[in-house]
Amino acid sequence: MTQENETKAKPKKTVNYVRVDMPKQPPHIRRRNFQEVAHGYTPDLAVAEALRCLQCKKPFCVDGCPVEINIPGFIRCIAAREFTGAIRVLKEKNCLPAVCGRVCPQEEQCEARCVVGKKGEAVAIGRLERFAAEMEAKKEKLELAEIDKPTGKKVAVVGSGPAGVTVAGDLVMRGHEITMYEALHEAGGVLTYGIPEFRLPKRVVRREISYIRKLGVNLVTDFVVGKTKSLERLLDENDAVFIGTGAGLPWFMNIPGENLNGVYSANEYLTRMNLMGGFKFPRSSTPIKAHRNVATIGGGNVAMDCARTAARLGAENSYIVYRRSEKELPARLEEYENAEEENVIFHFLTLPVKLIGDDKGWLKEIECLRMELGEPDASGRRKPIPVEGSEFRLPMDACVVAIGNSPNPIIPDTTPDIETEKWGNIKADEATGKTSMERVWAGGDIVTGAATVILAMGAGRVAARSMHKYLMGEEQWNQDSQD
Ligand code: FAD
């Protein structure tokens, strides 16, 4: 190398392919408490992890983020110990960073595209996002985003889950007057009533909701749109309406015995825990009986949450009963591993066919069939097929059904003009969120069916953009127009 080339050559960055571990509560301790499992990074750990980011010129990680966060930007701030800068960058695109840092399936999204991850472990983008949000929470003064001049336009947002919160946050920043209506007594949607305290502390959700309220969003709780007031009335009072009412209608297995005592839907089980103080067990009495043997049916995040909740409520044995194999489990790998560490017992390739009760109407046993895997079905996963004559019984005193949810039916049922799909999902244009009703947009689980927090937020962002254009007269209402 000539002397000239030597001076021009950049020092080569040594890539660290191993991610910095995030401290967690040990399994034998956390199995019996409802405190958050993960402790999160300390500043030194976060900086060490942030320094693993290559700061790619073309950041593929951003393409993997449905809300387009400037990922290298916020990580660069953390690496430079500019933690306030990091939260500022995050909040440009995401009003729920402490939530997303905890529950987003980053391994399938931003982290799946990380260049470091091609040869080693991807940069822990979610953990860093969570860290930046927690650093901000420790400060007395919140960083508030800038708000545009008032536009004089009024918008009603129905539902306060991630989709509704994103629309409310985005539009309040554009200067519109926003009222968010929520059926339950507390805002947050599934983040509040579904995901348990040990995975997503409610103080975190409340803090993020209080952030958009500080930006100026009015929140009205205990208000069921379609019952307390019709959607048409809301339209009379507002310039536009967004529907983000989620997928809160539980599916059942439709097998004999589902009406026995001790059989719950995942929604009921988790709502009682999260909204009725059950998670404070044993400090407060819980409305859920403490069962000894609990089977959760299903294999997704919801099922893991229920099985881990049952263990914390004192179950001697908490089982997951899943009809496919470990390979097809839809839950996040991290949540599956956490459940295993907490001694949740997995019955794979097992299908419940009958719930059997005692003479007082309480569940006593579950009759199951063994399954084997056949050819891939419509979902692309191998289809479970019952093995003939393989019936067996599991002694059980509670069963939680966590096999999926349908869209919330109240608005479709009470609003004849809104078009829906076969399963009751509201039809909305993917590129704009526009529905069949003029001045009404929709997004999140009510449109897609049960999905993820970040996809609901992404849909909220798309709708908010289109709604803003419409409200500012930059776009006429036209069903076929693309944003
Ligand atoms: P929701 O969060 O369901 O919010 C809808 C809100 O609308 C609710 O508060 C509801 O009360 C309200 N509402 C309904 N009807 C009306 C009405 N007529 N009037 C007024 N308000 C109304 N996703 C992940 O990304 N990671 C996870 O780890 C994860 N874990 C999950 C665990 C559980 C137990 C569950 C149930 C879901 C989980 N999900 C997870 C999925 C994720 O939470 C949802 O996809 C997401 O919350 C959908 O957001 P949303 O805003 O569309 O609806």
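What you see is a predicted model, and the numbers here were worked out from it, not measured in a lab.

Colleague: How do you make sense of the packing of helix H3 (residues 43-50) against helix H5 (residues 71-79) when you look at a structure like this?
Modeller: Any two packed helices are characterised by how steeply their axes cross, that is the angle between the axes, and by the distance between the axes. Axis separation between H3 and H5 bottoms out at 8 Å; the angle between their running directions is 130°. In terms of their interaxial angle, H3 and H5 are classed as oblique. For the pair H3 and H5, the sense of crossing is left-handed. Residue-level inspection shows Ala46, Val47 and Ala50 of H3 in contact with H5, the latter providing Ile75, Ile78 and Ala79. Here the contact of H3 with H5 is composed, by residue class, of six nonpolar, no polar and no charged.

Colleague: Which parts of the structure should I look at to understand H3?
Modeller: Side chains of residues three or four places apart in an α-helix project in the same direction, reflecting 3.6 residues per turn. For H3, the full list of buried residues reads Ala46, Val47, Glu49 and Ala50. Along the axis of H3, the buried positions cluster into a sector of 165°, meaning they face one direction only.

Colleague: How do you make sense of the confidence of the model for the protein when you look at a structure like this?
Modeller: Atom-level detail of predicted coordinates should not be read off regions where pLDDT is low. Considering every residue of the protein, the mean pLDDT works out to 91; 95% of them sit at 70 or more. Note that residues 1-7 has pLDDT below 50 and, in this model, one contact with residues that lie over four places away or in other chains.

Colleague: I would appreciate a short explanation of unusual backbone geometry in the present structure.
Modeller: When glycine is set aside, most residues are seen to have a negative phi, and most peptide bonds are trans. Non-glycine residue Arg81 carries a positive phi angle of around 60°. Looking at the element boundaries, Arg81 is found in the loop between H5 and helix H6 (83-93). Phi is positive for Asp222, which is not a glycine, with a value near 50°. Structurally, Asp222 can be placed in the loop between strand S3 (218-220) and helix H13 (231-237). For Asp222, a relative accessible area of 51% translates into the label exposed.

Colleague: What's the story with the pairing of strand S8 (residues 317-321) in this structure? I'm lost.
Modeller: Remember that side chains alternate between the two faces of the sheet whenever the strand is regular. Summarising burial for S8: four of the five residues are buried, a large majority. In terms of strand pairing, strand S7 (residues 293-297) meets S8 through five bridges, oriented parallel. Residue pairing in the sheet places Thr296 in a bridge with Ile320 of S8. Traced from S7 through helix H15 (residues 301-312) to S8, the parallel crossover comes out right-handed. Of the pairings in the sheet, the one linking S8 to strand S9 (residues 345-347) comprises three bridges and is parallel in character. Bridge assignment links Tyr319 to a residue of S9, and that residue is Ile345.

Colleague: Is there a simple way to explain the packing of aromatic side chains in this structure?
Modeller: Within a pair of aromatic rings, the relevant descriptors are the distance that separates the centres and the angle that separates the planes. By the definition in use, this model includes eight aromatic pairs. Here the aromatic rings of Tyr181 and Phe223 are separated by 4.5 Å at their centres, their planes lie at 40°, and the arrangement is tilted. On the criterion of sequence distance, the pair formed by Tyr181 in strand S2 (residues 177-181) and Phe223 in the loop between S3 and H13 is long-range, its members being 42 residues apart. In this pair, the class of Tyr181 matches that of Phe223, namely buried. On the basis of an interplanar angle of 20° and a centroid distance of 5.5 Å, the ring pair of Phe346 and Phe348 is categorised as stacked. Looking at Phe348, the relative accessible area reads 23%, which means it is partly exposed.

Colleague: I'm lost on the site of the ligand in this one. Help?
Modeller: Close to the ligand lie 35 residues; Val103, Glu182, Arg199, Val225 and Asp445 are nearest. One of the side-chain nitrogen or oxygen atoms of Asn408 is found 3.5 Å away from a nitrogen atom of the ligand. Backbone polar atom of Val453 to an oxygen atom of the ligand: 2.9 Å apart, as the coordinates give it. Taken by itself the ligand offers 1000 Å² of open surface, and the protein chains cover 96% of this.

Colleague: Would you mind showing me how to read the sheet that holds S8 here?
Modeller: Within a sheet, adjacent strands bond to each other through the backbone by hydrogen bonds, running parallel or antiparallel. One open sheet holds the five strands; their spatial order is S6-S14-S7-S8-S9, and the pairing between them is parallel. Strands with a single pairing partner mark the edges of an open sheet, and in this sheet they are strand S6 (263-265) and S9. Each adjacent strand pair in this sheet contributes to an overall mean axis angle of 20°, direction not counted. In this structure, S7 lies alongside strand S14 (residues 398-401), joined through four bridges in parallel fashion. Bridge pairing in S14 links Ala295 to Cys399.

Colleague: Would you mind showing me how to read the pattern of salt bridges here?
Modeller: When the charged atoms of two side chains lie near each other, side chains of opposite charge can form a pair. Summed over the entire model, instances satisfying the criterion amount to 34 salt bridges. For the salt bridge of Asp305 with Arg199, the shortest nitrogen-to-oxygen distance reads 2.7 Å. Within this pair, whereas Asp305 is found in helix H15, its partner Arg199 is found in the loop between helix H11 (190-193) and helix H12 (202-215), the two being separated by 106 residues in sequence. Arg199 shares its class with Asp305; the two are buried. In this structure, Arg233 and Glu237 form a salt bridge, with 3.5 Å as the shortest nitrogen-oxygen distance.

Colleague: Where do I start with H5 in this structure?
Modeller: With seven of nine residues buried, H5 lies mostly within the body of the structure. Among all positions of H5, only Ile71, Pro72, Gly73, Phe74, Ile75, Cys77 and Ile78 are buried. As for H5, its buried residues are in contact with H3, helix H4 (60-63), H6 and helix H9 (125-137). Of the residues flanking the start of H5, the one acting as N-cap is Asn70, its side-chain oxygen 2.8 Å from the backbone nitrogen of Gly73.

Colleague: Hey, could you run me through the sheet that holds strand S16 (residues 440-442) in this one?
Modeller: The parallel open sheet is built from five strands, whose spatial order is S3-S2-S1-S4-S16. Each edge of the open sheet is held by one strand with a lone partner, namely S3 and S16. The sheet shows a mean angle of 20° between the axes of neighbouring strands, direction not considered. Together, strand S1 (154-158), S2 and strand S4 (240-243) form the strand contacts of helix H10 (residues 162-173), whose direction differs from that of S2 by roughly 165°.

Cut-off values and rules
Residues numbered from 1 in each chain as written. Predicted model: local features only at pLDDT ≥ 70, side-chain atom pairs only at ≥ 80, totals over all residues. Heavy atoms only, no water. Axes fitted to C-alpha atoms, helices over the stretch in contact; angles between N-to-C directions. Helix = DSSP H or I, 4+ residues; strand = E, 2+ residues; numbered from the N terminus. Parallel < 35°, antiparallel > 145°, perpendicular 65-115°, else oblique. Left-handed = near helix turned anticlockwise from the far one by under 90°. Contact = heavy atoms within 4.5 Å. Nonpolar A, V, L, I, M, F, W, Y, C, P; charged D, E, K, R; others polar. Buried < 20%, exposed > 50% of the residue type's maximum accessible area, 1.4 Å probe, protein only. Arc of directions from axis to C-beta. pLDDT = per-residue confidence, 0-100. Pairing = 2+ DSSP bridges. Right-handed = clockwise from strand over helix to strand, strands pointing away. Phe/Tyr/Trp six-rings, centres within 6.5 Å; stacked < 30°, edge-to-face > 60°. Near = heavy atom within 4 Å. Polar contact = N/O pair within 3.5 Å; in protein donor to acceptor, adjacent residues only side chain to side chain. Areas by Shrake-Rupley, 256 points an atom, 1.4 Å probe, with all protein chains shown as cover. Salt bridge = Lys/Arg side-chain N within 4 Å of Asp/Glu carboxyl O.

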